Amino acid sequence: MTGRELDAAGITDPALRAAYRRCRALNAAHGRTYFLATRLLPADRRPAVHALYGFARWADDIVDSLDSGADGPAREARLAELQRRLDRGLREGAGDEPVVLAVADTARRYAIEHGHFRDFMAAMRSDLVVADYPTYADLRRYMHGSAAVIGLQMLPVLGTVVPREEAAPHAAALGVAFQLTNFLRDVGEDLDRGRVYVPGDLLAGHGADRELLRWCRDTGRDDRRVIAALREFEALTRRVYREAEPGLGMLDPVARPCIRTAYVLYGGILDAVAGDGYAVLHRRAVVPRRTRAAVAADGLVRVAAARLRHRRRSRTAPPAPSAAPARPVSEEVA
(Lines give C-alpha, C1' and ligand atoms only; values in the text may rest on other atoms or scores of the structure.)
Protein backbone atom coordinates (compact mmCIF):
# COMPACT_ATOMS: atom_id res chain seq x y z
CA MET A 1 0.00 0.00 0.00
CA THR A 2 1.37 3.39 -0.88
CA GLY A 3 2.37 5.75 1.90
CA ARG A 4 0.10 8.33 0.30
CA GLU A 5 -3.00 6.17 0.87
CA LEU A 6 -2.04 5.50 4.48
CA ASP A 7 -1.25 9.15 5.10
CA ALA A 8 -4.59 10.17 3.56
CA ALA A 9 -6.38 7.74 5.87
CA GLY A 10 -4.57 9.09 8.92
CA ILE A 11 -2.83 5.77 9.64
CA THR A 12 0.48 6.66 11.28
CA ASP A 13 1.35 3.77 13.60
CA PRO A 14 4.13 1.68 11.98
CA ALA A 15 2.60 -1.67 12.94
CA LEU A 16 -0.79 -0.65 11.56
CA ARG A 17 0.77 0.64 8.34
CA ALA A 18 2.50 -2.72 7.87
CA ALA A 19 -0.78 -4.53 8.63
CA TYR A 20 -2.70 -2.57 6.01
CA ARG A 21 0.06 -3.18 3.47
CA ARG A 22 -0.31 -6.90 4.09
CA CYS A 23 -4.05 -6.69 3.37
CA ARG A 24 -3.45 -4.76 0.19
CA ALA A 25 -1.03 -7.45 -0.98
CA LEU A 26 -3.65 -10.16 -0.37
CA ASN A 27 -6.27 -8.22 -2.28
CA ALA A 28 -3.89 -7.57 -5.18
CA ALA A 29 -2.82 -11.22 -5.39
CA HIS A 30 -6.25 -12.83 -5.20
CA GLY A 31 -8.86 -10.29 -6.25
CA ARG A 32 -7.74 -8.78 -9.54
CA THR A 33 -11.18 -7.54 -10.55
CA TYR A 34 -12.05 -5.82 -7.30
CA PHE A 35 -8.49 -4.62 -6.73
CA LEU A 36 -8.65 -2.77 -10.05
CA ALA A 37 -11.96 -1.17 -9.09
CA THR A 38 -10.62 -0.17 -5.68
CA ARG A 39 -8.03 2.03 -7.37
CA LEU A 40 -10.91 4.34 -8.28
CA LEU A 41 -11.76 5.12 -4.66
CA PRO A 42 -10.46 8.23 -2.90
CA ALA A 43 -7.07 7.33 -1.45
CA ASP A 44 -8.18 7.70 2.16
CA ARG A 45 -10.80 4.95 1.81
CA ARG A 46 -8.67 2.36 0.04
CA PRO A 47 -6.88 0.99 3.14
CA ALA A 48 -10.20 0.10 4.79
CA VAL A 49 -11.43 -1.72 1.68
CA HIS A 50 -8.17 -3.63 1.44
CA ALA A 51 -8.47 -4.59 5.11
CA LEU A 52 -12.01 -5.93 4.69
CA TYR A 53 -11.26 -7.86 1.53
CA GLY A 54 -7.84 -8.97 2.72
CA PHE A 55 -9.36 -10.50 5.85
CA ALA A 56 -12.12 -12.21 3.85
CA ARG A 57 -9.55 -13.55 1.39
CA TRP A 58 -7.34 -14.87 4.17
CA ALA A 59 -10.19 -16.74 5.85
CA ASP A 60 -11.38 -18.06 2.50
CA ASP A 61 -7.89 -19.35 1.72
CA ILE A 62 -7.93 -21.39 4.93
CA VAL A 63 -11.17 -23.04 3.84
CA ASP A 64 -10.27 -23.51 0.18
CA SER A 65 -6.65 -24.65 0.46
CA LEU A 66 -5.96 -27.70 -1.69
CA ASP A 67 -2.63 -28.40 0.02
CA SER A 68 -2.28 -32.05 0.89
CA GLY A 69 -1.51 -31.23 4.51
CA ALA A 70 -4.56 -29.00 4.97
CA ASP A 71 -7.11 -31.64 5.99
CA GLY A 72 -10.46 -30.89 7.63
CA PRO A 73 -9.26 -30.88 11.25
CA ALA A 74 -6.28 -28.68 10.39
CA ARG A 75 -8.51 -26.15 8.64
CA GLU A 76 -10.99 -26.22 11.51
CA ALA A 77 -8.18 -25.52 13.97
CA ARG A 78 -6.86 -22.64 11.86
CA LEU A 79 -10.34 -21.11 11.60
CA ALA A 80 -10.83 -21.44 15.34
CA GLU A 81 -7.54 -19.66 15.94
CA LEU A 82 -8.52 -16.94 13.49
CA GLN A 83 -11.85 -16.53 15.30
CA ARG A 84 -10.03 -16.19 18.63
CA ARG A 85 -7.71 -13.54 17.23
CA LEU A 86 -10.57 -11.70 15.55
CA ASP A 87 -12.64 -11.62 18.73
CA ARG A 88 -9.69 -10.18 20.65
CA GLY A 89 -8.92 -7.67 17.91
CA LEU A 90 -12.50 -6.39 17.75
CA ARG A 91 -12.72 -6.29 21.54
CA GLU A 92 -9.33 -4.79 22.38
CA GLY A 93 -8.03 -3.36 19.10
CA ALA A 94 -4.87 -5.40 19.58
CA GLY A 95 -3.25 -8.53 18.24
CA ASP A 96 -0.15 -10.04 16.72
CA GLU A 97 -1.70 -10.99 13.38
CA PRO A 98 -1.38 -8.16 10.81
CA VAL A 99 -4.58 -8.93 8.87
CA VAL A 100 -6.67 -9.04 12.05
CA LEU A 101 -5.01 -5.89 13.34
CA ALA A 102 -5.96 -4.01 10.16
CA VAL A 103 -9.55 -5.26 9.98
CA ALA A 104 -10.14 -4.53 13.67
CA ASP A 105 -8.81 -1.00 13.18
CA THR A 106 -11.11 -0.55 10.17
CA ALA A 107 -14.10 -1.81 12.16
CA ARG A 108 -13.34 0.74 14.89
CA ARG A 109 -12.77 3.66 12.51
CA TYR A 110 -16.01 3.09 10.61
CA ALA A 111 -18.15 1.67 13.44
CA ILE A 112 -18.81 -1.54 11.47
CA GLU A 113 -21.13 -3.94 13.28
CA HIS A 114 -19.21 -6.81 14.83
CA GLY A 115 -22.09 -9.14 14.03
CA HIS A 116 -21.15 -8.97 10.34
CA PHE A 117 -17.79 -10.54 11.15
CA ARG A 118 -19.39 -13.25 13.29
CA ASP A 119 -21.78 -14.13 10.47
CA PHE A 120 -18.91 -14.27 8.00
CA MET A 121 -16.87 -16.63 10.17
CA ALA A 122 -19.92 -18.87 10.67
CA ALA A 123 -20.23 -19.19 6.89
CA MET A 124 -16.54 -20.06 6.62
CA ARG A 125 -16.94 -22.82 9.20
CA SER A 126 -19.94 -24.22 7.35
CA ASP A 127 -17.78 -24.65 4.24
CA LEU A 128 -15.81 -27.28 6.15
CA VAL A 129 -18.86 -29.52 6.55
CA VAL A 130 -21.47 -28.54 3.94
CA ALA A 131 -20.80 -29.98 0.49
CA ASP A 132 -23.89 -28.82 -1.43
CA TYR A 133 -27.15 -26.89 -1.16
CA PRO A 134 -30.48 -28.58 -1.95
CA THR A 135 -32.26 -25.32 -2.85
CA TYR A 136 -31.46 -21.73 -3.72
CA ALA A 137 -33.03 -20.68 -0.41
CA ASP A 138 -30.43 -22.84 1.36
CA LEU A 139 -27.65 -21.27 -0.67
CA ARG A 140 -28.97 -17.77 -0.02
CA ARG A 141 -28.89 -18.38 3.74
CA TYR A 142 -25.25 -19.41 3.46
CA MET A 143 -24.44 -16.37 1.33
CA HIS A 144 -25.79 -13.99 3.95
CA GLY A 145 -22.62 -14.69 5.93
CA SER A 146 -20.23 -15.37 3.08
CA ALA A 147 -21.18 -12.47 0.80
CA ALA A 148 -24.05 -10.20 1.86
CA VAL A 149 -22.27 -9.08 5.02
CA ILE A 150 -19.25 -8.03 2.94
CA GLY A 151 -21.48 -5.51 1.17
CA LEU A 152 -22.85 -4.37 4.53
CA GLN A 153 -19.32 -3.95 5.93
CA MET A 154 -18.44 -1.79 2.94
CA LEU A 155 -21.31 0.69 3.29
CA PRO A 156 -19.84 2.76 6.16
CA VAL A 157 -16.56 3.04 4.22
CA LEU A 158 -18.18 4.08 0.95
CA GLY A 159 -20.74 6.44 2.45
CA THR A 160 -24.29 7.01 1.21
CA VAL A 161 -26.52 9.92 0.24
CA VAL A 162 -29.58 8.21 1.73
CA PRO A 163 -30.10 6.67 5.17
CA ARG A 164 -27.80 3.69 5.35
CA GLU A 165 -30.62 1.25 6.07
CA GLU A 166 -32.19 2.19 2.72
CA ALA A 167 -29.02 1.29 0.83
CA ALA A 168 -28.25 -1.82 2.89
CA PRO A 169 -30.43 -4.38 1.01
CA HIS A 170 -28.87 -3.35 -2.31
CA ALA A 171 -25.34 -3.53 -0.88
CA ALA A 172 -26.08 -7.01 0.46
CA ALA A 173 -27.48 -8.07 -2.93
CA LEU A 174 -24.36 -6.84 -4.69
CA GLY A 175 -22.17 -8.95 -2.42
CA VAL A 176 -24.36 -11.95 -3.25
CA ALA A 177 -24.24 -11.19 -7.00
CA PHE A 178 -20.45 -11.08 -6.93
CA GLN A 179 -20.27 -14.40 -5.11
CA LEU A 180 -22.77 -16.09 -7.41
CA THR A 181 -20.60 -14.94 -10.30
CA ASN A 182 -17.58 -16.54 -8.68
CA PHE A 183 -19.55 -19.73 -8.05
CA LEU A 184 -20.47 -19.99 -11.74
CA ARG A 185 -16.93 -19.25 -12.90
CA ASP A 186 -15.40 -21.73 -10.43
CA VAL A 187 -17.75 -24.72 -10.72
CA GLY A 188 -14.91 -27.04 -11.70
CA GLU A 189 -12.47 -25.83 -9.04
CA ASP A 190 -15.10 -25.98 -6.31
CA LEU A 191 -16.01 -29.51 -7.36
CA ASP A 192 -12.37 -30.51 -6.85
CA ARG A 193 -12.69 -29.13 -3.31
CA GLY A 194 -15.72 -31.33 -2.76
CA ARG A 195 -18.32 -28.57 -2.96
CA VAL A 196 -21.16 -27.76 -5.38
CA TYR A 197 -22.76 -24.33 -5.07
CA VAL A 198 -25.24 -24.76 -7.92
CA PRO A 199 -28.46 -25.63 -6.04
CA GLY A 200 -29.47 -29.27 -6.24
CA ASP A 201 -33.04 -28.54 -7.32
CA LEU A 202 -31.80 -26.31 -10.13
CA LEU A 203 -29.54 -29.10 -11.40
CA ALA A 204 -32.32 -31.68 -11.04
CA GLY A 205 -34.70 -29.48 -13.01
CA HIS A 206 -32.48 -30.09 -16.04
CA GLY A 207 -31.75 -33.74 -15.34
CA ALA A 208 -28.28 -33.04 -13.92
CA ASP A 209 -26.65 -33.80 -10.58
CA ARG A 210 -23.27 -33.84 -8.82
CA GLU A 211 -22.30 -37.13 -10.45
CA LEU A 212 -22.88 -35.73 -13.92
CA LEU A 213 -20.80 -32.66 -13.06
CA ARG A 214 -18.01 -34.98 -11.88
CA TRP A 215 -18.23 -37.02 -15.07
CA CYS A 216 -17.93 -33.89 -17.21
CA ARG A 217 -14.99 -32.66 -15.15
CA ASP A 218 -13.17 -36.00 -15.31
CA THR A 219 -13.74 -36.70 -18.99
CA GLY A 220 -13.40 -33.17 -20.33
CA ARG A 221 -16.73 -33.55 -22.11
CA ASP A 222 -19.83 -31.37 -22.04
CA ASP A 223 -23.43 -32.38 -21.48
CA ARG A 224 -26.45 -30.42 -22.64
CA ARG A 225 -28.20 -30.96 -19.27
CA VAL A 226 -25.30 -29.39 -17.39
CA ILE A 227 -25.10 -26.49 -19.84
CA ALA A 228 -28.84 -25.84 -19.44
CA ALA A 229 -28.47 -25.79 -15.64
CA LEU A 230 -25.51 -23.43 -15.78
CA ARG A 231 -27.40 -21.14 -18.16
CA GLU A 232 -30.25 -20.94 -15.64
CA PHE A 233 -27.75 -20.25 -12.84
CA GLU A 234 -26.40 -17.37 -14.93
CA ALA A 235 -29.91 -15.97 -15.36
CA LEU A 236 -30.52 -16.25 -11.62
CA THR A 237 -27.29 -14.34 -10.97
CA ARG A 238 -28.27 -11.56 -13.36
CA ARG A 239 -31.54 -11.14 -11.46
CA VAL A 240 -29.55 -10.53 -8.29
CA TYR A 241 -27.49 -7.89 -10.09
CA ARG A 242 -30.75 -6.16 -10.93
CA GLU A 243 -31.67 -6.25 -7.21
CA ALA A 244 -28.38 -4.54 -6.43
CA GLU A 245 -28.30 -1.91 -9.17
CA PRO A 246 -30.52 0.76 -7.51
CA GLY A 247 -28.00 0.92 -4.67
CA LEU A 248 -25.26 2.32 -6.92
CA GLY A 249 -26.94 5.71 -7.04
CA MET A 250 -27.35 5.72 -3.25
CA LEU A 251 -23.60 5.76 -2.65
CA ASP A 252 -21.42 8.78 -2.00
CA PRO A 253 -20.76 10.16 -5.53
CA VAL A 254 -16.98 9.85 -5.17
CA ALA A 255 -17.36 6.14 -4.30
CA ARG A 256 -19.79 5.28 -7.08
CA PRO A 257 -17.20 4.87 -9.89
CA CYS A 258 -15.39 2.16 -7.91
CA ILE A 259 -18.50 0.09 -7.24
CA ARG A 260 -19.96 0.69 -10.69
CA THR A 261 -16.69 -0.51 -12.22
CA ALA A 262 -16.75 -3.65 -10.08
CA TYR A 263 -20.41 -4.14 -11.05
CA VAL A 264 -19.55 -3.99 -14.76
CA LEU A 265 -16.40 -6.10 -14.50
CA TYR A 266 -18.10 -8.88 -12.54
CA GLY A 267 -20.99 -8.79 -14.98
CA GLY A 268 -18.37 -9.22 -17.69
CA ILE A 269 -17.37 -12.52 -16.11
CA LEU A 270 -20.91 -13.77 -16.74
CA ASP A 271 -20.58 -12.65 -20.36
CA ALA A 272 -17.26 -14.50 -20.62
CA VAL A 273 -18.77 -17.69 -19.18
CA ALA A 274 -21.65 -17.58 -21.66
CA GLY A 275 -19.30 -16.70 -24.52
CA ASP A 276 -17.18 -19.74 -23.70
CA GLY A 277 -20.17 -22.05 -23.90
CA TYR A 278 -20.45 -22.55 -20.12
CA ALA A 279 -17.25 -24.61 -20.16
CA VAL A 280 -16.57 -23.78 -16.50
CA LEU A 281 -16.06 -27.44 -15.61
CA HIS A 282 -12.98 -27.43 -17.83
CA ARG A 283 -11.48 -23.94 -17.63
CA ARG A 284 -11.94 -20.56 -15.95
CA ALA A 285 -13.60 -17.86 -18.04
CA VAL A 286 -11.58 -14.63 -18.20
CA VAL A 287 -12.66 -11.10 -19.11
CA PRO A 288 -10.38 -9.90 -21.95
CA ARG A 289 -7.71 -7.44 -20.89
CA ARG A 290 -8.86 -4.86 -23.41
CA THR A 291 -12.36 -4.99 -21.90
CA ARG A 292 -11.00 -4.54 -18.40
CA ALA A 293 -8.93 -1.58 -19.57
CA ALA A 294 -11.93 0.05 -21.25
CA VAL A 295 -14.09 -0.33 -18.14
CA ALA A 296 -11.32 1.05 -15.94
CA ALA A 297 -10.88 4.03 -18.27
CA ASP A 298 -14.59 4.78 -18.05
CA GLY A 299 -14.29 4.57 -14.28
CA LEU A 300 -11.48 7.12 -14.30
CA VAL A 301 -13.65 9.53 -16.29
CA ARG A 302 -16.45 9.09 -13.75
CA VAL A 303 -13.99 9.67 -10.89
CA ALA A 304 -12.78 12.92 -12.43
CA ALA A 305 -16.35 14.13 -12.99
CA ALA A 306 -17.47 13.21 -9.47
CA ARG A 307 -14.54 14.96 -7.83
CA LEU A 308 -14.97 18.04 -9.98
CA ARG A 309 -18.59 18.27 -8.84
CA HIS A 310 -17.46 17.76 -5.25
CA ARG A 311 -14.98 20.64 -5.49
CA ARG A 312 -17.60 22.92 -7.04
CA ARG A 313 -20.09 22.15 -4.27
CA SER A 314 -17.41 22.75 -1.66
CA ARG A 315 -16.74 26.23 -3.06
CA THR A 316 -20.36 27.29 -3.41
CA ALA A 317 -22.16 25.86 -0.38
CA PRO A 318 -21.53 25.08 3.29
CA PRO A 319 -21.21 21.39 4.11
CA ALA A 320 -24.52 19.64 4.72
CA PRO A 321 -25.07 16.89 7.29
CA SER A 322 -24.42 13.48 5.76
CA ALA A 323 -26.99 10.71 5.94
CA ALA A 324 -24.12 8.27 6.49
CA PRO A 325 -20.81 9.97 7.38
CA ALA A 326 -17.74 8.83 5.53
CA ARG A 327 -14.08 9.58 5.87
CA PRO A 328 -12.85 12.89 4.39
CA VAL A 329 -12.56 12.78 0.61
CA SER A 330 -9.02 12.70 -0.70
CA GLU A 331 -8.28 14.34 -4.01
CA GLU A 332 -5.78 11.60 -4.89
CA VAL A 333 -6.85 9.41 -7.80
CA ALA A 334 -3.90 7.04 -7.99
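Reading the values: rules and limits
Residues numbered from 1 in each chain as written. Predicted model: local features only at pLDDT ≥ 70, side-chain atom pairs only at ≥ 80, totals over all residues. Heavy atoms only, no water. Axes fitted to C-alpha atoms, helices over the stretch in contact; angles between N-to-C directions. Helix = DSSP H or I, 4+ residues; strand = E, 2+ residues; numbered from the N terminus. Left-handed = near helix turned anticlockwise from the far one by under 90°. Contact = heavy atoms within 4.5 Å. Salt bridge = Lys/Arg side-chain N within 4 Å of Asp/Glu carboxyl O. Buried < 20%, exposed > 50% of the residue type's maximum accessible area, 1.4 Å probe, protein only. Expected span 1.5 Å × (residues − 1). Polar contact = N/O pair within 3.5 Å; in protein donor to acceptor, adjacent residues only side chain to side chain. 1 Å grid on protein atoms, 1.4 Å probe; cavity = no way out; pocket = protein on both sides within 12 Å on 5 of 7 lines; lining within 4 Å. Points joined across faces, edges and corners; volume = space filled by probe spheres on them. Nonpolar A, V, L, I, M, F, W, Y, C, P; charged D, E, K, R; others polar. Phe/Tyr/Trp six-rings, centres within 6.5 Å; stacked < 30°, edge-to-face > 60°.

### A look at the packing of helix α2 (residues 14-30) against helix α4 (residues 46-64)
Moving on, step 1. One can describe the packing of α2 onto α4 by two numbers: an axis separation of 7 Å at closest approach and a directional angle of 65 degrees. Where α2 crosses over α4, the handedness of that crossing is left-handed. Contacts between α2 and α4 involve Y20, C23, R24, L26, N27 and H30 from the former and P47, A48, H50, A51, Y53, G54, R57, W58 and D61 from the latter.

### A closer look at the pattern of salt bridges
Moving on, step 1. Tallied over the entire structure, the rule returns 31 salt bridges.
Moving on, step 2. Of the charged contacts in the structure, one is a salt bridge between D105 and R108, with a shortest N-O distance of 2.9 Å. Of the two residues, D105 and R108 both sit in helix α6 (residues 98-110), 3 residues apart, roughly one turn of that helix.
Moving on, step 3. What makes D105 buried here is its relative accessible area of 6%.
Moving on, step 4. With its nearest N and O atoms 3.1 Å apart, the salt bridge here joins R214 to D192.

### Quick look at helix α13 (residues 224-244)
Moving on, step 1. Here α13 is 21 residues long and its end C-alpha atoms lie 31 Å apart, about the 30 Å a rise of 1.5 Å per residue gives.
Moving on, step 2. Those residues of α13 that sit buried are V226, A228, A229, L230, F233, E234, L236, T237, V240, Y241 and A244.
Moving on, step 3. In this structure, the buried residues of α13 make contact with α8 (136-158), α9 (164-185), α10 (187-192), α11 (200-204), α12 (210-219) and α14 (256-275).
Moving on, step 4. Between a side-chain oxygen at the N-terminus of α13 and the backbone nitrogen of R225 the separation is 2.8 Å; the capping residue is D223.

### A word on the layout of surface pockets
Moving on, step 1. A volume near 1,000 Å³ is recorded for the largest pocket.
Moving on, step 2. If you go around the largest pocket, you meet 40 residues; those closest to its centre are H30, R57, N182, R185 and Y266.
Moving on, step 3. Listed by contribution, the elements that provide at least two residues to the lining of the largest pocket are α2, α3 (32-38), α4, α7 (114-126), α8, α9, α10 and α14.
Moving on, step 4. Its residues assigned to classes, the lining of the largest pocket comprises 18 nonpolar, 8 polar and 14 charged.

### A closer look at the environment of L191
Moving on, step 1. For L191, the location among the structural elements is in helix α10.
Moving on, step 2. Those residues in contact with L191, other than ones at most four positions away along the chain, are V196, R210, L213, R214, R217 and L281.

### Some details on the packing of aromatic side chains
Moving on, step 1. Scanning the entire structure with this criterion turns up 9 aromatic pairs.
Moving on, step 2. When the ring of F55 is compared with that of F117, the centres are 6.5 Å apart and the planes differ by 80 degrees; the resulting orientation is edge-to-face. On the criterion of sequence distance, the pair formed by F55 in helix α4 and F117 in helix α7 is long-range, its members being 62 residues apart.
Moving on, step 3. Of the residues examined, F55 reaches a relative accessible area of 2% and is grouped as buried.
Moving on, step 4. Measuring from centroid to centroid gives 5.9 Å for Y142 and Y197, while their planes differ by 25 degrees, and the two rings are stacked. Within this pair, whereas Y142 is found in helix α8, its partner Y197 is found in the loop between α10 and α11, the two being separated by 55 residues in sequence. Each member of the pair, Y142 as well as Y197, carries the same accessibility label: buried.

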